[in-house]
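The residues making up each chain are set out below.
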Amino acid sequence: MLGGHDATYVRAVWLVASAVGALALVVLALLFRRVRARAELDEVERVLADDDPS
Amino acid sequence: MQARLSQLMTMTTGGERPQSRAEESMLAILAIGAALALASLWGVAAGSESAQLAVANAYKVPMVILLSALTALPAGIVALRLTNARLGAAELAGAFATSIFGGTLVLATLAPLVAIYYHTSSKAGLPLALGSVFVALATASLLFARAVARRVSERKSLIAVGVLVALFLAALLQFVALAAPIIGTHGTAFDGGFDRVF
């Protein structure tokens, strides 16, 4: 019993919250792929800039 | 991956930060992923009284931490903006992510002790499991404040840290109640949420 609600209601709230959490995990995974690609690009640019004699 | 985890540890302990912003964001997301895995380990230990609870905790504990962080983060960013602090939102989120990683690292380190005491001591099992959570929370809060203080040495940014930590704890209390039982099948006083604790 939380906030006067029965177990079924509390369980439903937990399921909705879990779904939001799962969605956040998917977004984080997609974001990770994007920033990893960006970080690799930055690294290549830095190496090229270091090698450039001009 | 090992090099990245090593970099993450360096960042968490207040060492040198990555050169590019993209790399820092990548490490922050990696910190969240690693933190969830570490929290899962502690969840299995705390729920080892029954196989069903242990399996459920492997998913419930990381989810509780992730949801509490997601609930608290917007308020921290708003506090940052309202106080006109120099610290950026991404920097705040990055410091928050690494501090959560630090806290869950403490949880995972204490997980074997929690498991063995839960099975062998009727007096110390439950207090030790709860104690490990408080130690982890204190560690994470201190790491967070230190990480922010190293980025920008101004009091305004620390207000955002206080707001974020307070909201994280408030959200954690209710998400723990929603996901209960977590520690043992009989549960704790925290299983009733705010209404039972206060």
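Everything numeric in this text was worked out from a predicted model, so none of it was measured. (Residues numbered from 1 in each chain as written. Chains lettered and ligands numbered in written order. Predicted model: local features only at pLDDT ≥ 70, side-chain atom pairs only at ≥ 80, totals over all residues.)

Visitor: Please explain the overall build of chain A as it appears in this structure.
Guide: Broken down by element type, chain A carries 1 helix and 0 strands. The C-alpha atoms of chain A give 23 Å as radius of gyration, which overshoots the globular expectation for 54 residues (10 Å, by more than 25%). For chain A, the spread of C-alpha atoms along the principal axes amounts to about 70 × 15 × 10 Å. Within chain A, the proportion of its 54 residues that are buried is 11%. (Helix = DSSP H or I, 4+ residues; strand = E, 2+ residues; numbered from the N terminus. Rg over C-alpha atoms; globule rule 2.2 N^0.38 Å. Buried ≥ 20, exposed ≤ 12 C-beta atoms within 10 Å, placed from the backbone.)

Visitor: Help me out: how do you make sense of the interface of chain A and chain B in this one?
Guide: Reports of interface size often rely on the accessible area that becomes lost once the parts have come together. Each partner contributes residues to the interface: chain A has 18 residues there, and chain B has 17 residues. Each residue belonging to the side of chain A that touches chain B can be placed in one class, and the counts come to 12 nonpolar, 3 polar and 3 charged. (Contact = placed C-beta atoms within 7 Å. Nonpolar A, V, L, I, M, F, W, Y, C, P; charged D, E, K, R; others polar.)

Visitor: What's the story with the packing of helix H2 (residues 21-46) of chain B against helix H3 (residues 51-82) of chain B in this structure? I'm lost.
Guide: Geometry of a packed helix pair, given as the angle between the helix axes and the separation of the axes. Residue and element names in this part refer to chain B. Put simply, H2 and H3 touch, their axes get as near as 7 Å, and they point 135° apart. Accordingly, the angle class assigned to the pair H2 and H3 is oblique. Taken as a pair, H2 and H3 cross one another with a handedness that is right-handed. For the pair H2 and H3, the contacting residues are Ala35, Leu36, Ala39, Ser40, Trp42, Gly43, Val44 and Ala46 in the first and Ala54, Asn57, Ala58, Lys60, Val61, Pro62, Ile65 and Leu66 in the second. Classifying every residue of the contact of H2 with H3 by side-chain character gives 12 nonpolar, 3 polar and 1 charged. (Axes fitted to C-alpha atoms, helices over the stretch in contact; angles between N-to-C directions. Parallel < 35°, antiparallel > 145°, perpendicular 65-115°, else oblique. Left-handed = near helix turned anticlockwise from the far one by under 90°.)

Visitor: Would you take a moment to explain the packing of H3(B) against helix H6 (residues 155-179) of chain B for this structure?
Guide: All names here are of chain B. Running from amino to carboxyl end, H3 crosses H6 at an angle of 150°, the nearest separation of the two axes being 7 Å. Considered as vectors, H3 and H6 are oriented roughly antiparallel to each other. Between H3 and H6 the crossing geometry is right-handed. Residues Lys60, Val64, Leu67, Ser68, Ala69, Thr71, Ala72, Leu73, Ala75, Gly76, Ala79 and Leu80 of H3 form the contact with H6, whose own contacting residues are Ser157, Ile159, Ala160, Val163, Leu164, Leu167, Phe168, Ala171, Leu172, Phe175, Val176 and Ala179. In terms of residue class, the contact of H3 with H6 is built from 19 nonpolar, 4 polar and 1 charged.

Visitor: Explain helix H1 (residues 7-51) of chain A to me, please; I cannot follow it from the model alone.
Guide: Quick reminder: α-helices carry 3.6 residues per turn. Residues three or four places apart thus point the same way. Taking 1.5 Å as the rise per residue, H1(A) with 45 residues should run 66 Å; its terminal C-alpha atoms sit 65 Å apart, in good agreement. All of the buried residues along H1(A) are Trp14(A), Ala17(A), Gly21(A), Val35(A) and Ala39(A). In the core, the buried residues of H1(A) are packed alongside H2, H3 and H6 of chain B. (Expected span 1.5 Å × (residues − 1).)

Visitor: Help me understand the nonpolar core in this model?
Guide: Soluble globular proteins tend to bury their nonpolar side chains together. Counting residues in each nonpolar core, the largest one holds 71 residues, and the members touching the most others are Ala31(B), Ala35(B), Trp42(B) and Ile100(B). Among the secondary structure elements, those contributing two or more residues to this core are H1 of chain A together with helix H1 (2-12), H2, H3, helix H4 (89-120), helix H5 (125-151) and H6 of chain B. Per-element tally for this core: the top contributor is H2(B), with 17 residues. Once you skip the residues sitting within four places of it in the chain, Ala35(B) turns out to touch Ile65(B), Ile100(B), Phe101(B) and Thr104(B). (Core = buried A, V, L, I, M, F, W, Y, C linked by C-beta atoms within 7 Å.)

Visitor: Please clarify how unusual backbone geometry should be interpreted in this entry.
Guide: Leaving glycine aside, a negative phi is the common case for residues, and trans is the common case for peptide bonds. All names here are of chain B. In this chain, Ala180 is followed by Pro181 through a cis amide linkage whose omega measures 0°. Phi is positive for Asn84, close to 60°, though the residue is something other than glycine. Assessed through the 7 C-beta atoms surrounding it within 10 Å, Asn84 is described here as exposed.

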